[in-house]
Amino acid sequence: MDKELGLLLFMLLLLCHKGNTESQISCPYKCHCFTPPQVLCADERMVSLPRNMSRQVKEFIVMTSGLTYLFPDTLEESPQLTKLIFLNNALRSINSQAFEHLAKLQELEISGNPWLEHLFLGTFSKQGNLTILLLNFNRFKTVLPGMFDSLKQLETLQIKGNIISDLPTFLFANLHNLRVLDLSQNKLQGVNRETFSGLARLEILKMNSNLISGFTPDTFHNISQLIELHLEGNKISELTDNIFFMLTKLKVLNLRGNLLTTFSDKVFGFEASNLKELNLKGNRLIELPSLRSLTSLTDLFLSSNLLSNLPEDIFRNVTVLENLDLSENQLTSLPEMIFNDLLSIKAIHLHKNNLSKVDAKLFEDQMFIQQLYLSDNQLETLPPGLLDSFLIEHTVRLHGNPWRCDCRMWYLHDWVLRNRQDTEMLDRMLCENPGFLRGRPVVSIDADQLVCRMSKDKMQDLSSCSLQASSDTVTINCNVDQCFPLTVKVQFQENDGNIKEHILKNEPDHSQCSNETTIE
């Protein structure tokens, strides 16, 4: 039995050794073969591609190597490849016939080569089956006319992170199946109608971090099927009327990080009903036009601009809005009805503005809100009832305001104590006034510490108090302000000198009190 077991173990070891030997023979030197079709080579000392690679290999990835040139015969022994990636290498030049034998190629990436300055015309002439082409973070200064003419099946083209300053006319004319175009982080100074001619079925266009200064309505002519348009990180200072008029299927428009100060309400024309996300973060907007045509908008990002006020009807037609970011502006107040009918809203970000007051009915339609950020403003108190309309679990931020912890804090103090789990960073929600409470977290204050010291000119006028005596009953009648607490102490001194005291407190009606009550 022991001999049989030993023989079996020996045969298993022999088979394993044989399998490993075959794997080592088929896998190129200094490379990794995770599966027979996949080979990864990542060696800084590698200066040429391995030869005699197995015909089983379909996906070939070369990373962080010392490879500097691709010659006509470099890949001639691997015509079966469907995916080829050169990432973060030292390529300086690629022969125009380097990919001539790779007719089955579907995905090609040549990215992260800091010394690769151009590609020769005809480099992709045999890649009629290519669907993805990534040419990112090289040093391309120009792209030759006709470079992509043979790529009629191409769906994704990225040329971001280069130093391209202009594009040839009709460069994308034959790319009828293109869905994604990313020209971000270049130095493009302008585009014209002919540049994007033929992209009738384009779904995504990215041109962020360029130096584009302006557009005309013809810029996006003939790409009416566009779904996403990314123009972030440019130097766009103006938008021409009707520039997006033809983009009736556009769902995402990203203009983040440009130089816009304003734009007309005609920019979107009257056919922008499909737009769902509009990103204008990080511009220089001082005013907003009407958004009445954006009836399908769900996400609106307006943070990091220069907005100091907003029209009351700015969101009147945008009734399906779910996320609204107005943070990091210069807003000092908001119209009472500005959020009316936004019944689907989930998040309103108003932090890092200059809000000194808000209306009690500002959020009365936001029953299903999940995030409300009012932090880092100039709020001293909140009006009674402001936060009472929320029905579901929500997150509120109130820190970074100069809270006045006096009698006007009763509503907010009570709300915070009851909603500790919904209020973030409570330890940073501090009292600014009065002085003896400065720096104390609001939640650490006792309710009886929230008192107001009335100025002399606002003291209760008690001269109108009347005293009536009848038999053994004394009646004191005073007219008091419903917004100020009043404590009446009645003291009885007995014959032995002991004093019995009875106290009656008049509590203010919070719902009727204004935040404008003058106190010291």
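Quantities reported herein were computed from a predicted structural model and do not represent experimental measurements.

(A) Representation of the overall build of the protein within the structure. Counting its regular elements, the protein contains 2 helices and 26 strands. Expressed as a percentage of its 520 residues, the buried residues of the protein come to 43%. Taking the contacts inside the protein whose residues are at least 6 apart along the sequence as the reference set, 52% of them involve residues at least 24 apart. For the protein, the exposed surface amounts to about 26600 Å²; the carbon and sulfur share of it is 49%.

(B) Representation of the nonpolar core in the model. Counting 71 residues, the largest nonpolar core has F339 and F363 as its most contacted members. A total of 5 residues in this core trace back to one element, the largest contributor, which is helix 2 (residues 410-418). If we skip the residues at most four places from it in the chain, F339 touches F315, L324, L334, I348, L362, F363, D365 and Q366. In this structure, L70, I94, L135 and L171 belong to the second largest nonpolar core, which totals 45 residues.

(C) Just the environment of I338, in detail. As for its position among the elements, I338 is in the loop between strand 16 (323-325) and strand 17 (347-349). Judged by its relative accessible area of 1%, I338 is buried. With 25 residues separating them in the primary sequence, I338 and D313 have C-alpha atoms 6.2 Å apart. Beyond its immediate sequence surroundings of up to four residues, I338 is in contact with L310, P311, E312, I314, F315 and L362.

(D) The arrangement of the side chain of N279 in detail. Along the chain, the position of N279 falls in strand 14 (residues 277-279). Classification of N279 as buried rests on a relative accessible area of 8%. At a separation of 3.0 Å, a polar atom in the side chain of N279 contacts the main-chain amide nitrogen of K281. Non-local contacts of N279, meaning those with residues more than four positions away in its chain, are made with L253, N254, L255, R256 and F301.

(E) Examining helix 2 more closely. Where helix 2 is concerned, the buried positions are W410, Y411, L412, H413, W415 and V416. Where the residues of helix 2 are buried, they touch strand 19 (395-397), strand 20 (403-404) and strand 21 (423-424).

(F) Structural detail: the packing of aromatic side chains. Enumeration according to the criterion identifies 5 aromatic pairs in this entry. An aromatic cluster is present here, built from F99, F124 and F148 joined pairwise through their rings. Positioned above the aromatic ring of Y373, the side-chain terminus of R397 is 4.2 Å from the ring centre.

(G) Spotlight on the confidence of the model for the protein. In the predicted model, the protein carries a mean pLDDT of 82, and 76% of its residues have values of at least 70. Across residues 1-25, where pLDDT falls below 50, the model places 0 contacts with residues more than four positions away in sequence or in other chains.

(H) Molecular detail of a negative patch on the surface. On the surface, E312, D313, E336 and E364 cluster together into a negatively charged patch. Here E336 is to be found in the loop between strand 16 and strand 17. What makes E336 partly exposed here is its relative accessible area of 33%.

(I) Quick peek at the environment of S264. Its location among the elements puts S264 in the loop between strand 13 (252-254) and strand 14. Those residues in contact with S264 that lie beyond four places of it in its chain are D241 and P289. Of note is the side chain of S264, whose polar atom sits 3.4 Å from the side chain of D265.

(J) A look at empty space enclosed by the protein. A complete count under the given rule lists 3 cavities of 30 Å³ or more for this structure. By volume, the second largest cavity is sized at about 80 Å³. If you go around the second largest cavity, the residues you meet are L49, P50, R51, N52, M53, F60, T74, L75, E76, E77 and S78. The residue makeup of the lining of the second largest cavity, split by class, is 5 nonpolar, 3 polar and 3 charged.

Procedures and definitions
Residues numbered from 1 in each chain as written. Predicted model: local features only at pLDDT ≥ 70, side-chain atom pairs only at ≥ 80, totals over all residues. Heavy atoms only, no water. Helix = DSSP H or I, 4+ residues; strand = E, 2+ residues; numbered from the N terminus. Buried < 20%, exposed > 50% of the residue type's maximum accessible area, 1.4 Å probe, protein only. Contact = heavy atoms within 4.5 Å. Areas by Shrake-Rupley, 256 points an atom, 1.4 Å probe, with all protein chains shown as cover. Core = buried A, V, L, I, M, F, W, Y, C linked by side-chain atoms within 4.5 Å. Polar contact = N/O pair within 3.5 Å; in protein donor to acceptor, adjacent residues only side chain to side chain. Phe/Tyr/Trp six-rings, centres within 6.5 Å; stacked < 30°, edge-to-face > 60°. Lys NZ or Arg CZ within 6 Å of the ring centre and 35° of its normal. pLDDT = per-residue confidence, 0-100. Patch = residues over 30% accessible without salt bridge, like charges linked within 9 Å, V, L, I, M, F, W, Y side chains within 5 Å. Salt bridge = Lys/Arg side-chain N within 4 Å of Asp/Glu carboxyl O. Lys, Arg positive; Asp, Glu negative; His and termini not counted. Charge placed at Lys NZ, Arg CZ, Asp CG, Glu CD. 1 Å grid on protein atoms, 1.4 Å probe; cavity = no way out; pocket = protein on both sides within 12 Å on 5 of 7 lines; lining within 4 Å. Points joined across faces, edges and corners; volume = space filled by probe spheres on them. Nonpolar A, V, L, I, M, F, W, Y, C, P; charged D, E, K, R; others polar.

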